[in-house]
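# Commentary on secondary and tertiary structure
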Amino acid sequence: MPLNYNEIVSKYEKYIFQTYTRQPIAIKSAQGALVTDVNGKEYIDCVAGIAVNNVGHCHPEVVSAIKQQAEQLIHVSNLYYTENQAILAEELAGISGLDRVFYCNSGAEAVEGALKLARKASGKKEFIATEHAFHGRTRGALSVTHKEKYRKPFEPLGPAVFVPYNNADAIRSAIADNTAGVILEPIQGEGGVIIPSETYLKEVREICDENGVLLILDEVQTGFGRTGKWFAKEHSDITPDIMTTAKAMGGGFPMGAMLAREDVAANFVRGDHASTFGGTALACAAALANIDVIKKEKLVERSQVLGEYLVSKLRELNKDYILEIRGKGLMVGMELSVKCEDIVAKAREKGVLLNCTSESVLRFVPPLTITKQQLDTVVSVLDEI
Ligand SMILES: *Cc1c(COP(=O)(O)O)cnc(C)c1O
């Protein structure tokens, strides 16, 4: 007998760290943009693992790649070569415009690698990060994450200075003799889907170049088509020195990567960095299938088109408690003058999963495979609420 909802929750309460605020449903299965809970209730998923399931849940090509690979080879040590790592690295270089890749398993790990590389390459220790930035929960990543509540209990962390986001001059002023690098999200995700001005990243790139400071772009949330480009950096036509990615990389399977330009990457030599599970044959197979699906189904373009559609539909709601609707591709935020937790709860009851970030921003990051009809349903549910 499968466990019912109450049985599942009681085991969580007894055995699992209570570090998450979970919503009162237990999910059993998912396909495309739909998830089903243990009671058989179906939901349109506008959370998608928080920008993870870009190709949709359980995409048949990703599932089949994982099945086939699992029968052949799951994991060997990075003491050996595997074909999948080689092929995937070439693919990643092609879509990212960077030269070399280090494989890991999550966003925070990718950020850890990036910070270590920037410190080794620069010989310096301090990072410039932005207010409301989110880069992950491990100690290095936390040192450049802004939220006081996340940081405070774990200080001292690595040295960092925080400057306002979307203000290039603030970065110029903050650069000092001990600056190892600047780390930024091209669009702030957890910070509330904050989209900087069109010139911001270009100006930051120029400031970093003028001062010989490394630019790390954290594309963990914005990568793999999410914003209507393969990576959000393309909106500004810049290339960072170091880039991080994870979330959507493995089509739902845990996978991350830190990428860098050749001369920066050269500062990491044998023994400088490692990961037992980084780039397993299984994760690489999932990531290769994921990239193939994004290309074949033209999901980058689809994200762009459907993102504009969703924003225009949401604007039609035209309610006075909606302060702003903003988005790039299918990374959309609706900022409210009220907290959004109640709306999230009501939408869930009506069969739509939404995420609330920064207390009053509803974040829409559905699978890029979602249909217009499903988006219409999402908007009409919001209208009813
Ligand atoms: C989610 C996220 C991370 C952390 O990724 P994990 O896989 O949870 O460690 C880092 N940076 C950004 C921009 C993110 O959105």
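Residues numbered from 1 in each chain as written. Predicted model: local features only at pLDDT ≥ 70, side-chain atom pairs only at ≥ 80, totals over all residues. Heavy atoms only, no water.

If you tally the helices and strands in the protein chain, you get 14 helices and 15 strands. Scaling as 2.2 N^0.38, a compact globule of 385 residues should have a C-alpha radius of gyration of about 21 Å, and the protein chain matches this with 21 Å. Along the first, second and third principal axes, the C-alpha atoms of the protein chain reach 55 × 55 × 45 Å. In the protein chain, which comprises 385 residues, the share counted as buried stands at 51%. When the accessible surface of the protein chain is totalled, it reaches about 18,200 Å², and 51% of it is carbon and sulfur. Taking the average location of the 42 positive side-chain charges in the protein chain and that of its 49 negative ones, the two points are 4 Å from each other. (Helix = DSSP H or I, 4+ residues; strand = E, 2+ residues; numbered from the N terminus. Rg over C-alpha atoms; globule rule 2.2 N^0.38 Å. Buried < 20%, exposed > 50% of the residue type's maximum accessible area, 1.4 Å probe, protein only. Areas by Shrake-Rupley, 256 points an atom, 1.4 Å probe, with all protein chains shown as cover. Lys, Arg positive; Asp, Glu negative; His and termini not counted. Charge placed at Lys NZ, Arg CZ, Asp CG, Glu CD.)

Let us look at the site of the ligand. All residues adjacent to the ligand are Ser 106, Gly 107, Ala 108, Phe 134, His 135, Gly 136, Glu 185, Asp 218, Val 220, Gln 221 and Lys 247. In this structure, a nitrogen atom belonging to the ligand sits 3.5 Å away from a main-chain N or O atom of Phe 134. Within the side chain of Lys 247, an N or O atom sits 2.6 Å from an oxygen atom of the ligand. Burial of the ligand by the surrounding chains reaches 81%, relative to a free accessible area of 380 Å². (Near = heavy atom within 4 Å. Polar contact = N/O pair within 3.5 Å; in protein donor to acceptor, adjacent residues only side chain to side chain.)

As a further point, take the packing of aromatic side chains. Inspection of every chain in the model, using the stated rule, returns four aromatic pairs. A ring pair is formed by Tyr 165 and Tyr 200, whose centres lie 5.3 Å apart and whose planes are at 70°; its orientation type is edge-to-face. In this pair, Tyr 165 sits in the loop between β6 (160-163) and α8 (168-174) while Tyr 200 sits in helix α9 (residues 200-211), placing the two residues 35 residues apart along the sequence. Here Tyr 165 and Tyr 200 have matching classes, each one buried. Note on Phe 224 and Phe 231: the rings are 5.3 Å apart at their centroids and 70° apart in plane angle, and the pair reads as edge-to-face. Of the two residues, Phe 224 and Phe 231, neither departs from the other in class, the shared state being buried. (Phe/Tyr/Trp six-rings, centres within 6.5 Å; stacked < 30°, edge-to-face > 60°.)

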